[in-house]
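Structural description and commentary
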Amino acid sequence: MQAKNPSDSRTIMTDLVLPSETNPLNNLFGGELLARMDRAASIAARRHSRKITVTASVNHVAFNQAVPLGSVVTVEAAVSRAFKTSMEVYIDVWMEDRYNGKRSKANEAIYTFVAVDETGKPIEVPPLEPVTDLEKERFAAALRRKQLSLVLAKKMKPSEATELRALFMESGK
């Protein structure tokens, strides 16, 4: 399989925050934002793999800024690293100020998707070749995040987590 560029999977979804999607403080419900992020990430994973993809985990979500009623929200998702059958998808959420049009980063998340066949069995995905500095940074960090998840789930021995060990060995110098 030929390696793909992360921009090949990039998905951008823009929408307006409506009254039925807000909490009593007139901010976007967290669950509504999670659903939007899941949809964008799913499309990015499918574009990369050209396979059916399913959400395997939500690894990280940061609700850094409330998103008020009437805001224009843009969810950007791209595969940050492809493993054998899984893909890490990094999601950035941008909010456009409804009064001055200024754009700011409101939230971010990291999801993991698995490519599957028609029976739900995991299947291989193409590798990813990062191009930009940000893509390279996210690509490298994805392996550390995966190793940490595997160690915490007791599916990998800490001594086998070479990327994590290297990170801590370097920082200890």
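The chain has the name Acyl-CoA thioesterase in an unreviewed UniProt entry, where Maribacter arenosus is given as its organism. Quoted verbatim from the Sequence similarities (unreviewed entry) heading of the UniProt record, the comment on the chain is "Belongs to the acyl coenzyme A hydrolase family."

On to the overall build of the chain. When helices and strands are counted, the chain shows three helices and five strands. Along the chain, from the amino end to the carboxyl end, the secondary structure elements read β-α-β-β-β-β-α-α. If you take every contact in the chain between residues at least 6 apart in sequence, the share linking residues at least 24 apart comes to 68%. A total of about 10,000 Å² of accessible surface is found on the chain, and carbon and sulfur atoms cover 54% of it. Between the mean site of the 25 positive side-chain charges and the mean site of the 21 negative ones, the chain shows a separation of 4 Å.

Another point: unusual backbone geometry. Here the phi dihedral of Arg50 falls at roughly 55°; this positive angle occurs in a residue that is not glycine. Residue placement: Arg50 occurs in the loop between α1 (30-49) and β2 (52-63). One non-glycine residue, Lys154, lies in positive phi territory at about 60°.

Another aspect to go through is the sheet that holds strand β3 (residues 72-82). Within a sheet, adjacent strands bond to each other through the backbone by hydrogen bonds, running parallel or antiparallel. In spatial order, the strands read β1-β3-β4-β5-β2; together these five strands make up an open sheet with antiparallel pairing. In this open sheet, the two strands that pair with only one neighbour each are β1 (11-16) and β2. Taking the axes of each pair of neighbouring strands and ignoring which way they run, one obtains an average angle of 25° across the sheet. In the sheet, strand β4 (residues 86-96) pairs with strand β5 (residues 103-116) via eleven bridges, with the strands oriented antiparallel. Across the sheet, residue Glu96 finds its bridge partner in β5, namely Arg103. Contacts from α1 reach β1, β2, β3, β4 and β5, with the element oriented near 45° to β3.

By size, the foremost hydrophobic cluster in this structure holds 26 residues, and its most contacted members are Met37, Met87, Val89 and Ile91. At the level of secondary structure, the elements contributing two or more residues to this core comprise α1, β3, β4 and β5. Residues contacting Val89, with those up to four places away along its chain left out, are Ala41, Ala44, Ala45, Ala77, Ala78, Val79, Ser80, Ala109, Ile110, Tyr111 and Phe113.

A word on the UniProt feature "domain: HotDog ACOT-type" (unreviewed entry) in the chain. UniProt records the feature "domain: HotDog ACOT-type" (unreviewed entry) for residues 7-119 in the present numbering. For residues 7-119, the helix share is 18%, the strand share is 48%, and the end-to-end C-alpha distance is 29 Å.

Here we come to the pairing of β3. Within β3, ten of the eleven residues are buried, which leaves the element mostly enclosed by the surrounding structure. As paired elements, β1 and β3 share six bridges and run antiparallel to each other. In the sheet register, Ile12 faces β3, and the bridge partner there is Glu76. Here β3 runs beside β4; their pairing, made up of ten bridges, is antiparallel. Within β4, the position partnered with Ala77 by the bridge is Ile91. The turn linking β3 back onto β4 is made up of three residues.

Moving on, we come to the packing of aromatic side chains. If you walk through the whole model with that rule in mind, you get one aromatic pair. Measuring from ring centre to ring centre gives 6.4 Å for Tyr111 and Phe113, while their planes differ by 10°; the resulting arrangement is stacked. Residue Tyr111 is classed as buried on the basis of its relative accessible area, which comes to 2%. The buried category is assigned to Phe113, whose relative accessible area is 1%. Geometry around Phe139 places Arg81 over its ring, the cationic atom sitting 3.9 Å from the centre.

The rules behind each value
- Residues numbered from 1 in each chain as written.
- Predicted model: local features only at pLDDT ≥ 70, side-chain atom pairs only at ≥ 80, totals over all residues.
- Heavy atoms only, no water.
- UniProt positions renumbered as here; feature names shortened; annotations may be inferred.
- Helix = DSSP H or I, 4+ residues; strand = E, 2+ residues; numbered from the N terminus.
- Contact = heavy atoms within 4.5 Å.
- Areas by Shrake-Rupley, 256 points an atom, 1.4 Å probe, with all protein chains shown as cover.
- Lys, Arg positive; Asp, Glu negative; His and termini not counted.
- Charge placed at Lys NZ, Arg CZ, Asp CG, Glu CD.
- Pairing = 2+ DSSP bridges.
- Axes fitted to C-alpha atoms, helices over the stretch in contact; angles between N-to-C directions.
- Core = buried A, V, L, I, M, F, W, Y, C linked by side-chain atoms within 4.5 Å.
- Buried < 20%, exposed > 50% of the residue type's maximum accessible area, 1.4 Å probe, protein only.
- Phe/Tyr/Trp six-rings, centres within 6.5 Å; stacked < 30°, edge-to-face > 60°.
- Lys NZ or Arg CZ within 6 Å of the ring centre and 35° of its normal.

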